[in-house]
Amino acid sequence: PSAHSQLAAFVASYGVALLLHHKSKHFLPPHERVLLLVALPIASILVAFSRVYLGYHTPEQVSVGVLLGAALGALAFCAATAAIDAHDGARLEGKLPTAVASFVHAARIKDATRSVDALRLEQQCFSQNARAHGS
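I will try to describe carefully the structure that is included in this document. (Residues numbered from 1 in each chain as written. Predicted model: local features only at pLDDT ≥ 70, side-chain atom pairs only at ≥ 80, totals over all residues. Heavy atoms only, no water.)

1. A short note on the overall build of the protein
Along its length, the protein carries five helices and zero strands. Residue burial in the protein is summarised as follows: out of 135 residues, 36% are buried. Across the protein, every contact between residues at least 6 apart in sequence was considered, and the portion connecting residues at least 24 apart equals 75%. Carbon and sulfur atoms make up 68% of the accessible area of the protein, which totals about 8,100 Å². (Helix = DSSP H or I, 4+ residues; strand = E, 2+ residues; numbered from the N terminus. Buried < 20%, exposed > 50% of the residue type's maximum accessible area, 1.4 Å probe, protein only. Contact = heavy atoms within 4.5 Å. Areas by Shrake-Rupley, 256 points an atom, 1.4 Å probe, with all protein chains shown as cover.)

2. Brief notes about the nonpolar core
One finds Phe10, Tyr14, Leu72, Ala76, Phe77 and Ala80 forming the largest nonpolar core, which totals six residues. At the level of secondary structure, the elements contributing two or more residues to this core comprise α1 (3–20) and α3 (59–86). (Core = buried A, V, L, I, M, F, W, Y, C linked by side-chain atoms within 4.5 Å.)

3. Some remarks on the side chain of serine 2
Along the chain, serine 2 falls in the segment before α1. Assessed through its relative accessible area of 0%, serine 2 is described here as buried. In this structure serine 2 touches Arg51, His57, Gln61, Val62 and Gly65, once residues within four positions along its chain are discounted.

4. Some words on the packing of α1 against helix α2 (residues 30–53)
Where α1 meets α2, the axes come as close as 9 Å, and the angle between the chain directions of the two elements is 170°. Taken together, the axis directions place α1 and α2 in an arrangement best described as roughly antiparallel. Our pair here, α1 against α2, has a crossing hand that is left-handed. For the pair α1 and α2, contact is made by His4, Ser5, Ala8, Ala9, Val11, Ala12, Gly15, Val16, Leu19 and Leu20 and by Arg33, Leu36, Leu37, Leu40, Pro41, Ser44, Val47, Ala48 and Arg51, respectively. Split into classes, the residues belonging to the contact of α1 with α2 amount to 13 nonpolar, four polar and two charged. (Axes fitted to C-alpha atoms, helices over the stretch in contact; angles between N-to-C directions. Parallel < 35°, antiparallel > 145°, perpendicular 65-115°, else oblique. Left-handed = near helix turned anticlockwise from the far one by under 90°. Nonpolar A, V, L, I, M, F, W, Y, C, P; charged D, E, K, R; others polar.)

5. Some points on the packing of aromatic side chains
Here the structure, examined in full by the defined rule, presents three aromatic pairs. Pairing phenylalanine 10 with tyrosine 14 gives two aromatic rings, centres 6.3 Å apart and planes at 20°, and the pair type is stacked. Here phenylalanine 10 pairs with tyrosine 14, and both are found in helix α1, just four residues apart, close to one helical turn. Both residues of the pair, phenylalanine 10 and tyrosine 14, belong to the buried class. A connected cluster of aromatic rings, assembled from ring pairs, spans Phe10, Tyr14 and Phe77. (Phe/Tyr/Trp six-rings, centres within 6.5 Å; stacked < 30°, edge-to-face > 60°.)

6. Description of a nonpolar patch on the surface
A surface patch of nonpolar side chains, amounting to about 360 Å² of accessible area, comprises Val34, Val38, Ile42 and Leu46. Here isoleucine 42 shows up in helix α2. (Patch = residues over 30% accessible without salt bridge, like charges linked within 9 Å, V, L, I, M, F, W, Y side chains within 5 Å. Salt bridge = Lys/Arg side-chain N within 4 Å of Asp/Glu carboxyl O.)

7. Overview of α1
Over its 18 residues, α1 extends 25 Å from the first C-alpha to the last, a length consistent with the 26 Å expected when each residue adds 1.5 Å. Among the 18 residues of α1, 13 are classified as buried, and the element is accordingly described as predominantly covered. (Expected span 1.5 Å × (residues − 1).)

8. Focus: α2
For α2, which comprises 24 residues, the first-to-last C-alpha distance of 34 Å matches the rise-based estimate of 34 Å (1.5 Å per residue) to within 8%. Taken together, the buried positions of α2 are Arg33, Ser44, Ala48 and Arg51. Where α2 terminates, the next one or two residues include glycine 55, which has phi positive at roughly 80°.

None of this, on its own, says anything about what the molecule does.
Here's what the structure looks like:
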């Protein structure tokens, strides 16, 4: 499968799930959320199209990469959210990014080194929000 398409779909599905998640709705103004909800899938589609257009992959290879990336992104978001909810966020400091990094590595998602940094930032935002709202 196309690693570029897989990563783009992973980021798009994780990002869309995060933006639609009820606990993250107050992090961005509504117009920015809508922009990202539209831009992430479009960027993923453009990456997939470019891989075929440039002749690096067949449509089948790109399709498998997109499907695998989207499924793994959704699965990673569900696992991260469940872990944060189950452990109240604060007790997971430093552990969840490592777990997702292991998942990304095990799933052979290439070019995903920045995903751990993004997850750390997300975890910090959830933790700060929980402390601010007393949840």
